[in-house]
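Examining the three-dimensional arrangement
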Amino acid sequence: MIAKQRMLMWLPGLILTMAMTACGSTTTIKTENGTAEVKKDGSGFTVNTNEGETTTFKSQDDNTFQIESNKNDGSGGKTTVKSSTEIPASFPKDIPLPDDAKTTGSIETNADGKESIIVTIHTNKELSELETMYKQYFKDNNVSNSMQMVQSDVLLFSGELDGNTIAISGSPSGDAEGMDLSISWSKNAAK
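Procedures and definitions
Residues numbered from 1 in each chain as written. Predicted model: local features only at pLDDT ≥ 70, side-chain atom pairs only at ≥ 80, totals over all residues. Heavy atoms only, no water. Helix = DSSP H or I, 4+ residues; strand = E, 2+ residues; numbered from the N terminus. Buried < 20%, exposed > 50% of the residue type's maximum accessible area, 1.4 Å probe, protein only. Contact = heavy atoms within 4.5 Å. Pairing = 2+ DSSP bridges. Axes fitted to C-alpha atoms, helices over the stretch in contact; angles between N-to-C directions. Phe/Tyr/Trp six-rings, centres within 6.5 Å; stacked < 30°, edge-to-face > 60°.

A separate point is the overall build of the protein. Counting its secondary structure elements, the protein contains two helices and twelve strands. Reading the helices (α) and strands (β) of the protein from amino to carboxyl end gives α-β-β-β-β-β-β-β-β-α-β-β-β-β. Looking at the 191 residues of the protein, the share that counts as buried comes to 30%. The long-range share in the protein, meaning contacts at least 24 apart out of those at least 6 apart in sequence, stands at 38%.

Right, let's talk about the sheet that holds strand β12 (residues 179-186) for a bit. The antiparallel open sheet is built from twelve strands, whose spatial order is β1-β2-β3-β4-β5-β6-β7-β8-β12-β11-β10-β9. Across the chains shown, the open sheet's two edge strands, defined by having one partner strand only, are β1 (27-31) and β9 (144-151). Each strand of the sheet is rotated relative to its neighbour by a mean of 10 degrees, with strand direction disregarded. As judged from the five bridges shared by strand β3 (residues 44-49) and strand β4 (residues 54-59), these two strands associate in the antiparallel manner. Considered in β4, the bridge of N48 is made with T54.

Now for the pairing of β1. Strand direction decides the pairing type here: β1 and strand β2 (residues 34-38), joined by five bridges, are antiparallel. The residue bridging T27 from the neighbouring strand is V38, located in β2. Linking two consecutive strands that pair antiparallel, namely β1 and β2, is a turn of two residues.

Let's shift gears to the packing of aromatic side chains. For the structure on display, the rule yields five aromatic pairs. Aromatic side chains Y134 and F157 sit 6.4 Å apart centroid to centroid with 55 degrees between the ring planes, which places their arrangement in the tilted category. Taken as a pair, Y134 in helix α2 (residues 127-140) and F157 in strand β10 (residues 154-161) lie far apart in primary sequence, 23 residues in all. Like F157, Y134 is buried. For the ring pair Y137 and F138, a centre distance of 6.0 Å and an interplane angle of 65 degrees mean the geometry is edge-to-face. Taken individually, Y137 and F138 each receive the classification buried, so the pair is uniform in this respect.

Laid out in structure tokens, this is it:
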């Protein structure tokens, strides 16, 4: 945990360094805790701790970011994050979306094989219409460990379905008429 905290302390400086290295220079940052090496093209960096742990961050052209860690005991992990303005192909088709939904963003994450997706949308539907739609979905699909709350202008639904978790939250849009929804789905998160 301490190594992870140390790694996170480096991030602001490394992001600035990545931006500077896009101009063509290579930079190695040395501290009392280890080193950080930034690629020439600014597409990634590697943090090496004095304890023998290595974490590599890679940015790819398709809005994908990959983090891979290797600890000195042979353990480690791999996380891939992809952002988009479209609904990912792996997003469950049975989760209902309002018929006027406009996708504002999505994030797909795969952490050591555990997949999760967050989709954000905008709709002009009323809160009561969204409440009815998601209550019916939860009922029809026997969503377990269900929590459903609608208060004032806020909608919150969560539960488990076939060992996967789903969470839906909505609130009035700050920029326009209608509601902004966030739908989160995690594969096999309950297992």
